[in-house]
Amino acid sequence: MARYVYWCPSCGTRIAPKNVPMLNRPYSCPACSAPLRVAVPHMGLVYGAGLLSTFVATYLAGLRGLLLVFASILGSPVAYLALYMVIGLIWPGKLELRPPTDFPLRFPNRPPD
Ligand SMILES: [Zn+2]
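Quick summary incoming for the structure in this document. (Residues numbered from 1 in each chain as written. Predicted model: local features only at pLDDT ≥ 70, side-chain atom pairs only at ≥ 80, totals over all residues.)

Attention shifts here to the overall build of the chain. The secondary structure content of the chain amounts to two helices and five strands. In the chain, the succession of α and β elements from N to C terminus is β-β-β-β-α-α-β. With 113 residues in all, the chain has 16% of them scored as buried. (Helix = DSSP H or I, 4+ residues; strand = E, 2+ residues; numbered from the N terminus. Buried ≥ 20, exposed ≤ 12 C-beta atoms within 10 Å, placed from the backbone.)

As a further point, take helix α2 (residues 65–90). The sharpest bend along α2 comes to roughly 40 degrees, located at Ser 76, with the proline Pro 77 sitting one to four residues further on. Buried residues along α2 sit against α1 (40–60). (Bend = angle between axes of the 7 residues up to and from the residue. Contact = placed C-beta atoms within 7 Å.)

So, on to the pairing of strand β4 (residues 35–38). When strand β3 (residues 27–28) meets β4, the two strands line up antiparallel, connected through two bridges. If you follow Ser 28 over to β4, its bridge partner there is Pro 35. Taking the residues between adjacent antiparallel strands as the criterion, β3 and β4 are bridged by six residues, where Ser 33 takes a positive phi near 65 degrees. Where β4 lies against strand β5 (residues 95–97), three bridges are found, and the strand directions are antiparallel. Bridge pairing links Leu 36 to Leu 97 in β5. (Pairing = 2+ DSSP bridges.)

Both trends apply: most residues other than glycine have a negative phi, and most peptide bonds are in trans. Phi is positive for Ser 33, close to 65 degrees, though the residue is something other than glycine. As for its placement among the helices and strands, Ser 33 is situated in the loop between β3 and β4.

Bringing the environment of Gly 75 into the picture now. As for its position among the elements, Gly 75 is in helix α2. Judged by the 18 C-beta atoms lying within 10 Å of it, Gly 75 falls in the partly exposed class. For the pair Gly 75 and Ser 53, spaced 22 residues apart in the sequence, the C-alpha separation amounts to 9.5 Å. In this structure Gly 75 touches Thr 54 and Thr 58, once residues within four positions along its chain are discounted.

In structure tokens, the structure reads:
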């Protein structure tokens, strides 16, 4: 499991993989509270491969048209989780500092993080 270990880019603290949220939710370093996220190219690959693999799987299952599109989109979160593990073995994700404008849908009364 050593390949899944992350290091904080700000303070260098080792972060156990169970403390890093999947699917790139906002997250802060437990030691220095720096805003973190899994590096964008890594998550882009996971999302892209997840959508592609469910599309191919549903196509091979015989679905066509709108049903194919809906089944691909609905099935892709499951594929994301599986590919997150598999891709993590080949190309471990790194953490990077999350820019303050990372979350575009800010609610007016949302407390600052
Ligand atoms: Zn830190």
